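One-letter residues, chain by chain:
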Amino acid sequence: MKKVGVVLSGCGVYDGAEISEAVLTLLALARSGAEAVCFAPDKSQTEVINHLTGEAMPERRNVLIEAARIARGNIHPLNMANADELDALIVPGGFGAAKNLSDFASQGSECQVDETLQALAQRMHQLGKPLGFICIAPAMLPKIFDFPLRLTIGTDIDTAELIEEMGGEHIPCPVDDIVVDEENKIVTTPAYMLAQNIAEAAEGIDKLVARVLVLAE
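Residues numbered from 1 in each chain as written. Predicted model: local features only at pLDDT ≥ 70, side-chain atom pairs only at ≥ 80, totals over all residues. Heavy atoms only, no water.

A. Structural detail: the environment of Val48. The topology assignment puts Val48 in strand 3 (residues 48–49). Taking the C-alpha atoms as reference points, Val48 and Gly132, 84 residues apart in sequence, are found 26 Å from one another. For Val48, the residues in contact, after removing those within four places along its chain, are Asp15, Glu55, Ala56, Met57, Glu59, Arg60 and Arg61. (Helix = DSSP H or I, 4+ residues; strand = E, 2+ residues; numbered from the N terminus. Contact = heavy atoms within 4.5 Å.)

Printed below as a string of structure tokens:
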């Protein structure tokens, strides 16, 4: 049974992991007979958003504790992830990827990525193990790796330009498809960067999970 790390960034599209993307990823892995092992950084969220109004709330929340809601409590601190024990790694999107796993939301092409995530992804790559990044999460890839790679966030021109500024090669992609950097075993899909509903998001995520598991063979 393949063991796949899933890195969550909180709970909720505007300040954490996009819940549907995370659950669709876990569902696709389970249906494929793989074991998902969830991780999240044990640190404070950059901000807390009221998902009814879209406004910031004057409180503090912990990324790991919030992500545990999605994982039903079966989750570990990100610094416990060991690339040697995993066959692949997948990072769902949501603004948490751009606020908690990195500061892309505020810093754009000058962003930095969480050091623990960066080290884990780099080690996975060194071991020849595949990576899957979903929605806005692929925007972190040019900062994680210091070599050119092919990736997608869909068709958003402004975000694509930032990715190109950071050294990535952005490939326009429809919601129901994936972009695969075969040489580096990196798979990306737009999901809710383009999806109008959960069914559309599922199409690309299912393909991403399937391809990641094939690359993990």
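Additional details are given in the paragraphs that follow.
B. The layout of surface pockets, seen in detail. In this structure, the largest pocket occupies an estimated 180 Å³ of space. Looking at the lining of the largest pocket, the elements that each hand over two or more residues are helix 3 (95–99) and helix 4 (104–107). (1 Å grid on protein atoms, 1.4 Å probe; cavity = no way out; pocket = protein on both sides within 12 Å on 5 of 7 lines; lining within 4 Å. Points joined across faces, edges and corners; volume = space filled by probe spheres on them.)

C. Representation of the pairing of strand 11 (residues 186–189) in the model. Covered by surrounding structure in strand 11 are Ile186 and Thr188 together with Val187 and Thr189, the residues of both alternating faces. The pairing of strand 10 (residues 179–181) with strand 11 spans three bridges and is antiparallel. When the bridges of strand 11 are listed, Val180 appears paired with Val187. (Buried < 20%, exposed > 50% of the residue type's maximum accessible area, 1.4 Å probe, protein only. Pairing = 2+ DSSP bridges.)

D. Local environment of the nonpolar core. One finds Leu8, Leu29, Ile75, Ile90, Leu208 and Val209 to be the most contacted residues of the largest nonpolar core, which totals 38 residues. When residues of this core are traced back to their parent elements, those giving at least two are strand 1 (3–7), helix 1 (19–31), strand 2 (35–40), helix 2 (63–70), strand 6 (88–91) and helix 8 (198–215). If one sorts the elements of this core by residue count, helix 8 sits on top with eight residues. Setting aside residues no more than four positions away along its own chain, Leu8 makes contact with Ala17, Ala22, Cys38, Phe39, Ala40, Pro41, Val63, Ala67, Ile70, Ile75, Pro92 and Leu101. The next biggest cluster of nonpolar side chains, apart from the first, holds 34 residues, and it includes Ala81, Val91, Leu120 and Ile136. (Core = buried A, V, L, I, M, F, W, Y, C linked by side-chain atoms within 4.5 Å.)

E. Representation of the pairing of strand 2 within the structure. Here strand 1 pairs with strand 2 via five bridges, running parallel. Directly across from Val7, in strand 2, lies its bridge partner Phe39. Where strand 2 lies against strand 5 (residues 75–77), three bridges are found, and the strand directions are parallel. Pairing of Phe39 across the sheet is with His76, part of strand 5.

F. Representation of the state of the cysteines in the model. Taken as a whole, this structure holds zero disulfides when the rule is applied. Of all cysteine sulfurs, the one in Cys135 lies closest to Cys111, which takes part in no disulfide; the gap is 15 Å. (Disulfide = S-S within 2.5 Å.)

G. Looking closely at the side chain of Lys99. On the secondary structure map, Lys99 appears in helix 3. Within the structure, the side chain of Lys99 is placed 2.8 Å from the backbone oxygen of Tyr14, a separation counted as a polar contact. Not counting residues up to four positions away in its chain, the partners in contact with Lys99 are Tyr14, Thr46, Glu47, Ile49 and Ala105. (Polar contact = N/O pair within 3.5 Å; in protein donor to acceptor, adjacent residues only side chain to side chain.)

H. Representation of the packing of aromatic side chains. What the rule picks out here adds up to two aromatic pairs. Between Tyr14 and Phe95, the ring centres sit 6.5 Å apart and the planes meet at 35 degrees, which makes this aromatic pair tilted. Residue Tyr14 is found in the loop between strand 1 and helix 1, and its partner Phe95 is found in helix 3; the two are separated by 81 residues along the sequence. Taking the ring centre of Phe95 as reference, the NZ or CZ of Lys99 above it sits at 5.0 Å. (Phe/Tyr/Trp six-rings, centres within 6.5 Å; stacked < 30°, edge-to-face > 60°. Lys NZ or Arg CZ within 6 Å of the ring centre and 35° of its normal.)

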